[in-house]
Amino acid sequence: MDLKSNYPGNLSYAKSVLNELASTQNYQIKEDEENVKILLMLSGGIDSAALLVNLLSYTKCQVHVHHVQLADYNNAHRAELERVQKILDFCLRNIREFTYSFSFTEERYEGNYSCGLDAELWAFKAARICKSHRDFDLVALGLSDKRAALQCSDVFKTVVNCDGFMGSTIPQLILPRVAGDCDNVDIYESMPKELADICWSCRTPIKYEDSYVPCRTCSSCRKRSFTVRDLWFKSEYERHQDLLRLSWFSEKDKFLELVKQIKPDLTYLLIYGLENNFPNRRINLLLEEFAEQIQEEVKNDFERQDILNFMVLDSAWTQENFENRISFLVRAGAELDRVLAHDAHADKYYEEFVEYFKPRLDNELLTKAVLSMPPTDSNLTRVKLLIELGADKSQLSNIAEIYPELKEVLAA
Ligand SMILES: [Zn+2]
């Protein structure tokens, strides 16, 4: 999937960053931008990396980056650290100078796996750093969630104010993503493609040789996959616009002739058709003619595979022709084991899932699904679904070690 042409040419996020900066009193009172000192909390994800790139590229402010290594059950902190070091290196080599530091925090609560928002901890840590250094004017957080941002803002203000700042400037929090109106695609397009690829999203990484790979089933992997799909739609639409406009309702032969002539990205065509409710007969025709080529396109491309997999999951919520849609996606190369390993099975469509998947599963696929299920990011519905479909309970026992409420389900 070639998305390179889109990067970076989108200045929406840069504008939000500059507006947010200019709106703060601490920025306004400085005569020279070079004297503004910003502490930026870098998690290793897309949002904080985009904030760093835009601050470095479009301002002259002094930037200090801090990364909190937050160790929990999932070991995402190891993968994140790997990526943070690469992001720092990329920005120092390609943009400009800044300073950085690291800290380590462990949150593994016995018998209680919910520790609150990671972002709250960043806000807390940032406030403590400000209190001990006393020369930061602003603290930058790349949060995308408005509610989380409000909570972080409260945490930050409380900690910063709890024993006063004794005459020095009280630092202010800036949250440009929340203050502006950028979407995920704007954020991706606000930085070079190579850098976006380095950023880490997965909450439950899998160790692979000396490094980590994304699980491709957790909610963060899912969010990233849909952003990639949106980027893809944005860049491919123009290329295929005539075909999309003309072909869907034209004669069968004319449609096929056009496809052969234009040589479009076939996976894109299929997914676009499904997303935009093109007639089933047209989707069928596309698959009858080109299923092999589409499978070939999908086979060696994780991004394409993930888009198909997550679309299977989404079908349960959004589509009336649930069964048709899934069968189209499976014919194109969706991987059912990954779909089953994901936790997004809507409880409401639980029965439909069982009904659809039961006749289509064999032991090998179920075992693969169980093994793809990240132990620390699993929920009851998902485990119950796998058991109902016939998964071997002994394979699920490592998950019950972490989630006591699963023990009853497994014992039943
Ligand atoms: Zn993941």
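Just so you know, these numbers come straight off a predicted model, no measurement behind them.

Novice: Before we move on, could you go through the overall build of the protein and cite the residues and values that matter?
Specialist: Within the protein one finds 21 helices and seven strands. Every one of the 412 residues in the protein was classed for burial, and the buried ones make up 37%. Once local pairs closer than 6 in sequence are excluded, the contacts in the protein between residues at least 24 apart make up 77%.

Novice: Tell me about the sheet that holds strand E4 (residues 138-140), and please be specific about residues and values.
Specialist: Spatially, E3-E2-E1-E4-E5 is the arrangement adopted by the five strands of the open sheet, whose pairing is parallel. Strands with a single pairing partner mark the edges of an open sheet, and in this sheet they are strand E3 (99-106) and strand E5 (172-174). Averaged over all neighbouring strand pairs, the angle between strand axes comes to 25 degrees, with direction disregarded. Sheet topology note: the strand E1 (residues 37-41)/strand E2 (residues 62-71) ladder contains five bridges and is parallel. Paired with Met41 across the bridge in E2 is His66. Along the sheet, helix H3 (residues 46-58) contacts E1, E2 and E4; its crossing angle with E1, the most-contacted strand, is approximately 160 degrees. Contacting E2 and E3, helix H4 (residues 76-94) runs over the sheet at an angle of about 165 degrees to E2.

Novice: Explain the pairing of E3 residue by residue, including any values.
Specialist: In terms of residue burial, E3 counts as a barely covered element, since only zero of its eight residues are buried. Note that E2 and E3 share eight bridges and pair parallel. Each residue of the ladder has a partner; that of Val65, found in E3, is Tyr100.

Novice: Let's hear about the nonpolar core: which residues, and what values?
Specialist: Ile38, Leu40, Ala49, Leu52, Leu55, Val139 and Leu141 are the most contacted members of the largest nonpolar core, which totals 102 residues. Here the element with the most residues in this core is H3; it accounts for eight residues. In this view, Leu52 contacts Leu40, Leu42, Val65 and Cys91; residues no more than four positions away in its chain are not counted.

Scoring rules and cut-offs
- Residues numbered from 1 in each chain as written.
- Predicted model: local features only at pLDDT ≥ 70, side-chain atom pairs only at ≥ 80, totals over all residues.
- Helix = DSSP H or I, 4+ residues; strand = E, 2+ residues; numbered from the N terminus.
- Buried ≥ 20, exposed ≤ 12 C-beta atoms within 10 Å, placed from the backbone.
- Contact = placed C-beta atoms within 7 Å.
- Pairing = 2+ DSSP bridges.
- Axes fitted to C-alpha atoms, helices over the stretch in contact; angles between N-to-C directions.
- Core = buried A, V, L, I, M, F, W, Y, C linked by C-beta atoms within 7 Å.

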